[in-house]
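For reference, the chains in residue letters:
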Amino acid sequence: MNDQDVFSPDYATARTRFCDLASKLGWQVESFPREGTGPQGEPLVTDAACSSEGDPAKVLVVSSAVHGVEGFFGSAVQWALLRRWQKEGPLPIKCLFLHGINPFGFAWRRRFDENNVDLNRNFLLPGETFAGAPETYAKLDEFLNPHRPPSSWEPFMAKAAWLIVRYGMTALRQAIATGQYEFPQGLFFGGSRPSPLQSLLAENVPRWLQGSEDVVHFDLHTGLGPKGTCKLLIDYPLNDRQRTSLAKWFGEETFEESQTSGIAYEARGGLGRWCVAQQWAPNYLYTCAEFGTYGSVTMLKGLRAENQAQHWCPPKDPRAIAAKDQLAELFCPRDSVWRSQVIQRSYELVDQAVAGLLADA
Ligand SMILES: [Zn+2]
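The rules we used
Residues numbered from 1 in each chain as written. Predicted model: local features only at pLDDT ≥ 70, side-chain atom pairs only at ≥ 80, totals over all residues. Heavy atoms only, no water. Helix = DSSP H or I, 4+ residues; strand = E, 2+ residues; numbered from the N terminus. Rg over C-alpha atoms; globule rule 2.2 N^0.38 Å. Buried < 20%, exposed > 50% of the residue type's maximum accessible area, 1.4 Å probe, protein only. Contact = heavy atoms within 4.5 Å. Areas by Shrake-Rupley, 256 points an atom, 1.4 Å probe, with all protein chains shown as cover. Lys, Arg positive; Asp, Glu negative; His and termini not counted. Charge placed at Lys NZ, Arg CZ, Asp CG, Glu CD. Axes fitted to C-alpha atoms, helices over the stretch in contact; angles between N-to-C directions. Parallel < 35°, antiparallel > 145°, perpendicular 65-115°, else oblique. Left-handed = near helix turned anticlockwise from the far one by under 90°. Donors = N, O, S within 2.8 Å, 3.2 Å for Na, K, Ca; no water. Tetrahedral: all angles 85-135°; square planar, octahedral: opposite > 155°, others 65-115°. Expected span 1.5 Å × (residues − 1). Pairing = 2+ DSSP bridges. Phe/Tyr/Trp six-rings, centres within 6.5 Å; stacked < 30°, edge-to-face > 60°. Lys NZ or Arg CZ within 6 Å of the ring centre and 35° of its normal. Polar contact = N/O pair within 3.5 Å; in protein donor to acceptor, adjacent residues only side chain to side chain. Salt bridge = Lys/Arg side-chain N within 4 Å of Asp/Glu carboxyl O.

What follows covers the overall build of the protein. Within the protein one finds 12 helices and 8 strands. For 361 residues, the compact-globule estimate of 2.2 N^0.38 gives 21 Å, and the C-alpha radius of gyration of the protein, at 19 Å, lies within 12% of that figure. By its C-alpha atoms, the protein is 55 × 45 × 40 Å across when sized along the principal axes. Across the 361 residues of the protein, 57% fall into the buried class. Relative to all contacts within the protein whose residues are 6 or more apart in sequence, the contacts with residues 24 or more apart total 80%. Surface summary for the protein: the accessible area is close to 14700 Å², and the carbon and sulfur share equals 54%. Taken together, the 35 basic and 41 acidic charged side chains of the protein have centroids lying 4 Å from each other.

This is the structure:
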């Protein structure tokens, strides 16, 4: 087994491997059936695995597939970590792994869930409303979300280049990706109500984290930033302790707090901000661990084509299959160098988090 073998070809395989190995390690696995079925009729399930050893006051949380298709990567990291601890022995701290938290998107190879919701735009806080869209998004709706199957003849790159000239890259990215609540079939739709995932987490995480004091949560993502690199993105106001821990444990260069400069953009309804607001533990350090793959225009092109395919093609249509194949490649490249890099980097981040949790208590 090497770094390549930890990547599964589909959701069903990923899920089986994850549950089998976690159970073998003596972790408690709980499975939560979710809405719908996968392309082969397979059940869609979110699986949670809790280690039975380790200090329950210090917890490492690793979640995968909030953006479905990114689960090919996230699940690989979770499985690689389990396999490593199988060889090296258990960690001295407790672990909670959440696998396939958007199983529909993972199984159907799309970013969004069964209701076309971008779950990382769905976690609004009390007082925030599921309404609104950036003005520029509304203007770009026809371009972003055409009501027809994808076509490889369309001059997407030329149109995108023209828009970048007109609006500027930063403003355009901000307008498109920040989240919108007005175009239910569009990209980056945050939904019209809290998703079932929210109640699943609210009902169960307090139990899993009972007795915890210091928690580090890596929510695994791909698709932003230079290929093979990793940034820990923060979408909530850090307190001094959190900022100091991030700098000391991972290095100043590794995390990005400001959402308007660097690779990130300011998004509404992020999972991290909501998790932190739940106050599940006195010190809850959440990071969106973002690993780069392809350039942002290529990513947008792929997301747009897959979304067209999802809404305007039958599932077995060759155009739909091609668009989804391409999306899986964009979010989890087959390139063996990339795959080794991201697995090794994930080991490093987890080692740093564990060392930090043990030292700082
Ligand atoms: Zn993501």
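The next point concerns the packing of helix α1 (residues 11-24) against helix α2 (residues 71-88). Taken N-terminus to C-terminus, the directions of α1 and α2 make an angle of 25°; their axes are 10 Å apart at the nearest point. One element, α1, and the other, α2, form an angle in the roughly parallel class. In this structure, α1 meets α2 at a crossing whose hand is left-handed. In contact with Ala 14, Arg 17, Phe 18, Leu 21, Ala 22 and Lys 24 of α1, α2 contributes Ser 75, Gln 78, Trp 79, Leu 82, Arg 83 and Gln 86.

Another aspect to go through is the coordination of the zinc ion. Taken together, His 67 (ND1), Glu 70 (OE), Glu 70 (OE) and His 221 (ND1) make up the full set of protein donors to the zinc ion, lying 2.1 to 2.6 Å away. Here the zinc ion is ringed by 4 donor atoms whose angles at the metal span 54 to 143°, and the overall shape comes out irregular. Look at where the donors of the zinc ion fall in the sequence and you get H-x2-E-x150-H. Across the pair, exposure class does not vary: His 67 and Glu 70 are buried alike.

A few words now on the environment of Ala 267. With respect to the helices, strands and loops of the structure, Ala 267 is situated in the loop between β7 (255-256) and α9 (271-277). The exposure class assigned to Ala 267 is partly exposed, which follows from its relative accessible area of 33%. In this structure, the C-alpha to C-alpha distance between Ala 267 and Ser 63, residues 204 residues apart in sequence, is 19 Å. The residues touching Ala 267, leaving out its near neighbours within four places in the chain, are Arg 121 and Thr 178.

On to α2, then. The terminal C-alpha atoms of α2 lie 25 Å apart, and with 18 residues this matches the ideal 26 Å at 1.5 Å per residue to within 8%. Here α2 lies mainly inside the structure; 15 of its 18 residues are buried. Of the residues trailing α2, Gly 89 is marked for its positive phi of about 95°.

Among the 14 residues of strand β5 (residues 214-227), 11 are classified as buried, and the element is accordingly described as predominantly covered. Relative to β5, strand β3 (residues 55-63) runs parallel, the two being bridged by 6 bridges. Residue Ser 63 lies in a different strand from β5, and its bridge partner there is Asp 219. Sheet topology note: the β5/strand β8 (residues 283-292) ladder contains 10 bridges and is parallel.

On to the packing of aromatic side chains, then. What the rule picks out here adds up to 18 aromatic pairs. Between Trp 27 and Phe 97 the ring centres are 5.1 Å apart and the planes differ by 75°, which places this aromatic pair in the edge-to-face class. You can see Trp 27 sitting in the loop between α1 and β1 (28-37) and its partner Phe 97 sitting in strand β4 (residues 93-99), a full 70 residues away along the chain. Taking the relative accessible area as the measure of exposure, Trp 27 reaches 10% and is therefore buried. Each member of the aromatic cluster is reached from another via a ring pair, and the members are Phe 123, Trp 274, Trp 280 and Tyr 284. Over the ring of Trp 79 we find Arg 17, and its NZ or CZ is 4.2 Å from the ring centre. Against the face of Tyr 294 rests Lys 227, its NZ or CZ located 5.1 Å from the ring centre.

This brings us to the side chain of Asn 122. Positionally, Asn 122 belongs in the loop between α3 (103-107) and α4 (135-144). A relative accessible area of 0% means that Asn 122 is categorised as buried. Engagement of the side chain of Asn 122 in a polar contact is seen with the backbone oxygen of Gly 190, the distance being 2.9 Å.

Moving on, we come to unusual backbone geometry. Most peptide bonds take the trans configuration, and most residues that are not glycine carry a negative phi. Look at Asn 116: it is not a glycine, yet its phi comes out positive at around 65°. If you check the backbone angles, Phe 188 has positive phi at about 60° while not being a glycine. Here Phe 188 is to be found in the loop between α6 (169-177) and α7 (196-208). For Phe 188, a relative accessible area of 5% gives the class buried.

A full pass over the atoms with the stated rule returns 23 salt bridges. One salt bridge in this structure joins Arg 84 and Asp 351, with 3.1 Å as the shortest N-O distance. With a gap of 267 residues between them, Arg 84 in helix α2 and Asp 351 in helix α12 (residues 336-360) connect regions that are remote in the sequence. Across the pair Lys 227 and Asp 335 runs a salt bridge, and its minimum N-O distance is 3.5 Å. Remark: Asp 335 occurs in the loop between α11 (318-331) and α12 and Lys 227 occurs in strand β5; sequence separation between them is 108 residues. According to the relative accessible area criterion, Lys 227 is partly exposed, its value standing at 40%. The network of salt bridges with shared partners includes Arg 148, Glu 154, Lys 159 and Arg 304.

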